[in-house]
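# A structural walkthrough
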Amino acid sequence: MKFSMLAIAGAAIAAGVEGFSVARSAGVRQVSQLKMAEAATAVDKMAALATAANEARGLAMDSIAAAHSGHMGLPLGCAEIGATLYGSQMQYNPKDPQWMNRDRFILSAGHGSMFLYSWLNLAGFDLSIDELKRFRQHHSMTPGHPEFPNSEHNTPGIECTTGPLGAGVSNAVGFAVSEKMAAARYNTEEHKIFDHHIFALAGDGCFQEGVSAESATFAAHEKLDNLIILYDSNEVTLDKMAEYTQSEDIIKRYEAYGFETYEIDGHDLAVVEATIAAAKASDNGKPKFIKCNTIIGKGMEETEGTNAAHGEAGVPYVDKARANLGLPEEKWYVSEATRDFFKGVQEKNKKVYDEWQSTYAAWKAANADKAKELEDAIADNVPSAEDMIKSIPEMGGAAEATRVSGYKVIQEIAKAVPNYISGSADLHGSTRNYINDGGNFGAGFDKSYTGKNLYFGIREHSMGCILNGIAYHGIFKASGSTFLVFVDYLRPTIRVASLAELSRVSYILTHDSIGVGEDGPTHQPVETVSGLRVIPNLDVFRPSDAEETVAAYVSSVTRKEGPTALILSRQNLAQNMDMSAMERREGALKGAYVAKKETGDLDLIILATGSEVQHALAAAKDMPGARVVSMPCMELYERQSDDYKETVLPSTCTKRIAMEAGVSGLWYKYASKVVGVDRFGFSAPGDIVMKELGMSAENLSAEIATMN
């Protein structure tokens, strides 16, 4: 295979051949010195990578054609990028896919998943050709979009669940945050155990989505120079050519953010290789953005370079395209030469891995306490919920907002769980989730990469994606806060966290109802809590007092199956002093419990949550047959045994009424009558809004009086 002089030089530069160097001039990298003899090995490597790129194209085409479903454009258009990453530039060990210091690759354009599956197979991960043949089939390891290992899928080498465009770029920023934090906390002068890079491959759709811009500004501001974004610039979106909907200069945009930028031919292997190597070597405090000009669907002559190449429109032309690429008739073909080449890659990476293991052993011997903390963090070893609720001091009897209670509790959580971190979308002063003495994360001002408090700015969507990225990285437990009414900005990220079973993520959502008051209906959530409750695998906790708030926070850091949303009040709430602190904590950890037991024969059950529990208790005072059930977390209650649920809500008592300052629909599962708020609120002091919309003990009593 022929290569240009520039390409040979690029190959030599990337391979570290002595005597080669690169000079930057107006964004163009030029060769200043050549030693052709020393470049021969590098050229052989380029030839092997070129062969692998075409065979990866073949794997993608064959799998998509067999499924009659999928997206060919990216796997064919980015094959040289994949060859460079997996065949040369990334450090990984397919025999230990969870190695903590591996480079991470995130496919933000998740629709191009056959790109990733093909390269994982070639790189030696436990993803067989048979699984590639089962692309998009039930119970396969190759679903339509990459899915983080969970109870449904366990595909090695998949670092995060991607699908919604732009989210993967933003997840990658979270990975970069976590790596910087881990390096700052655990590296020592003698031993460096974290020094990996985060790669994200994204397309035009990712950069049109606003969340990627939010996250890019955060990454540049905090100088995350371990982040390398690769832009598959193929001038195509699904409906039209990209020029139909975009005209900005994306290089200038990312330069303005503070990125180091490059623009290259994404099909020139040697240039791709040299540029990625240069980006890795640059530790100047700037994240990297590499615009790779590519041809979508490259090799598929009938559709390449057009929006028709995006999906499976090329299926009828697969056989012709394979022939044009020099592939034999055998489907899912991988040559012995390519397998041998990647064995060599594995051997090279294994040496790096073994050296790191020696470094880690020496670091561990010299830093026993840090090592235990790190290994506990990776294994997600935290005190049990039962032990933690016993260790946190009682909150007391004074009325207070649950956001204020939360501020006290989060200090205890941070002590008990050293890898717990928190952040806010510019609302720390209101959401009250700042960790005292935790320091602030980032670069400049009073910040450092060891900080436990993240300032996300007014970027809720980005915050959600970054939290997910931190969780995927697998070391820290991350929470983020905003007003509940703004949670819809990050709702897509909560959905993905729930789908991916990210138990390392939690959300602190304050100002939980019409009780917000004067700010008016734009800031008074009424449908929002129920909107979160319908997301599968998300626990939604709306505590009624300080002790239930303890249980909510404890549950959020001890749960293993998925994320938790904590719904906290702005206004003061009364404490249920008729029960002990431990009784309320233990009851709340079951999702629902009897907050006031009937003193006569049971003839009525009042269910409530959050700020409405105090009204339920007040209304029931003069009703001997009334039981009050506090239900801070429906989802947790539903996971209890049938026997326990029967003790709380006995089937023999069907006269039930529920009360919550929000839409009423979901409560009819438990009650025949609901006192809710099925309209938007209005601007007035919170207590007036509550009273006018029926959230009072008096109105609850009146509604009970109408029941048969």
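Quantities reported herein were computed from a predicted structural model and do not represent experimental measurements. (Residues numbered from 1 in each chain as written. Predicted model: local features only at pLDDT ≥ 70, side-chain atom pairs only at ≥ 80, totals over all residues. Heavy atoms only, no water.)

This next bit is on the packing of helix H9 (residues 210-221) against helix H10 (residues 250-257). Interhelical geometry of H9 versus H10 gives an angle of 45° and a closest axis separation of 8 Å. Judged on the interaxial angle alone, H10 and H9 are oblique. For the pair H9 and H10, the contacting residues are Ser212, Ala213, Ala216, Thr217 and Ala220 in the first and Arg253, Tyr254 and Tyr257 in the second. Of the residues belonging to the contact of H9 with H10, the class tally is five nonpolar, two polar and one charged. (Axes fitted to C-alpha atoms, helices over the stretch in contact; angles between N-to-C directions. Helix = DSSP H or I, 4+ residues; strand = E, 2+ residues; numbered from the N terminus. Parallel < 35°, antiparallel > 145°, perpendicular 65-115°, else oblique. Contact = heavy atoms within 4.5 Å. Nonpolar A, V, L, I, M, F, W, Y, C, P; charged D, E, K, R; others polar.)

Our focus in this paragraph is the pairing of strand S15 (residues 564-567). Alternating residues of S15 divide into Thr564 and Leu566 and Ala565 and Ile567, and every residue in both groups is buried. Looking at chain direction, strand S13 (residues 505-510) and S15 are connected through four bridges and run parallel. In the strand pairing of S15, Tyr507 is matched with Ala565. Inspection of the sheet shows strand S14 (residues 539-541) paired to S15 by three bridges, in the parallel sense. Bridge pairing links Phe541 to Leu566 in S15. Traced from S14 through helix H21 (residues 546-558) to S15, the parallel crossover comes out right-handed. (Buried < 20%, exposed > 50% of the residue type's maximum accessible area, 1.4 Å probe, protein only. Pairing = 2+ DSSP bridges. Right-handed = clockwise from strand over helix to strand, strands pointing away.)

With that out of the way, let us pick up the UniProt feature "binding site: Mg(2+)" (unreviewed entry) in the protein. Here, UniProt's "binding site: Mg(2+)" (unreviewed entry) annotation points to Asp204, Asn234 and Val236. These annotated residues cover 33 residues of sequence, but their C-alpha atoms sit close together, with the largest distance between any two at 8.0 Å. Considering the arrangement of structural elements, one finds Asp204 in helix H8 (residues 204-208). Overall, Asp204 belongs to the buried group, its relative accessible area being 4%. (UniProt positions renumbered as here; feature names shortened; annotations may be inferred.)

A few words now on the environment of Leu201. Within the secondary structure layout, Leu201 lies in strand S4 (residues 198-203). Relative accessible area serves as the criterion here: at 0%, Leu201 is assigned to the buried category. Here the alpha-carbon distance between Leu201 and Phe105, two residues 96 residues apart in the chain, equals 7.8 Å. Those residues in contact with Leu201 that sit more than four places away from it in its chain are Leu74, Cys78, Ile81, Phe105, Ile106, Leu107, Ser108, Ala109, Phe115, Leu230 and Asp232.

Residues of helix H22 (residues 581-588) that are buried: Ala581, Arg584, Arg585, Gly587 and Ala588. Down the axis of H22, the smallest arc covering the buried residues is 165°, so these residues share one side. Where H22 is buried, its residues meet helix H15 (385-391), S14, H21, strand S16 (593-596), helix H24 (634-638) and helix H25 (642-648). (Arc of directions from axis to C-beta.)

This brings us to the side chain of His191. As for its placement among the helices and strands, His191 is situated in the loop between helix H7 (167-186) and S4. Among residues more than four places away in sequence, those in contact with His191 are Thr359, Ala362, Trp363 and Ala366.

Moving on: the UniProt feature "domain: Transketolase-like pyrimidine-binding" (unreviewed entry) in the protein. The positions UniProt marks with the feature "domain: Transketolase-like pyrimidine-binding" (unreviewed entry) are residues 400-575. With 35% helix and 18% strand, the stretch residues 400-575 has end C-alpha atoms that lie 8 Å from each other.

In this section: the environment of Lys645. Relative to the assigned elements, Lys645 resides in helix H25. For Lys645, a relative accessible area of 16% gives the class buried. As for Lys645 and Val409, which are separated by 236 residues in sequence, their C-alpha atoms are 28 Å apart. Residues contacting Lys645, with those up to four places away along its chain left out, are Tyr637, Glu638 and Gln640.

Spatial ordering of the open sheet is given by S16-S18-S17-S19-S20, a layout of five strands whose pairing is mixed. Of all the strands in the sheet, the pair left with one neighbour each is S16 and strand S20 (673-675). Taken pair by pair, the neighbouring strands of this sheet meet at an average axis angle of 30°, ignoring direction. Taken together, the three bridges between strand S19 (residues 656-659) and S20 define a ladder with parallel strand orientation. Looking at S20, one finds that Ala658 is bridged to Val674.

Throughout the structure, instances matching the rule amount to five cavities of 30 Å³ or more. Its boundaries defined by the atoms lining it, the largest cavity holds a volume of some 80 Å³. Taken together, Tyr86, Met90, Tyr92, Pro97, Arg102, Asp103, Arg104, Phe105, Leu120, Phe125, Gly157 and Glu159 make up the full set of residues lining the largest cavity. Residue composition of the lining of the largest cavity, by class: seven nonpolar, one polar and four charged. Here the second largest cavity is characterised by a volume of approximately 60 Å³. (1 Å grid on protein atoms, 1.4 Å probe; cavity = no way out; pocket = protein on both sides within 12 Å on 5 of 7 lines; lining within 4 Å. Points joined across faces, edges and corners; volume = space filled by probe spheres on them.)

Phi is positive for Arg432, close to 60°, though the residue is something other than glycine. Position of Arg432 among the secondary structure elements: in the loop between helix H17 (428-431) and strand S9 (440-441). Look at Phe445: it is not a glycine, yet its phi comes out positive at around 55°. Among the residues examined, Phe445 registers a relative accessible area of 77% and is labelled exposed.

Next up on the list: helix H27 (residues 697-705). Note on helix geometry: an α-helix contains 3.6 residues per turn, so any two residues three or four positions apart are oriented the same way. Within H27, burial applies to Ala697, Leu700 and Ile704. What you see down the axis of H27 is that its buried residues fit within an arc of 60°, all on one side. Facing away from the buried surface of H27 by more than 90 degrees, the exposed residues are Glu698 and Ala705. Against the buried residues of H27 lie strand S17 (604-608), helix H23 (613-620), S19 and S20.

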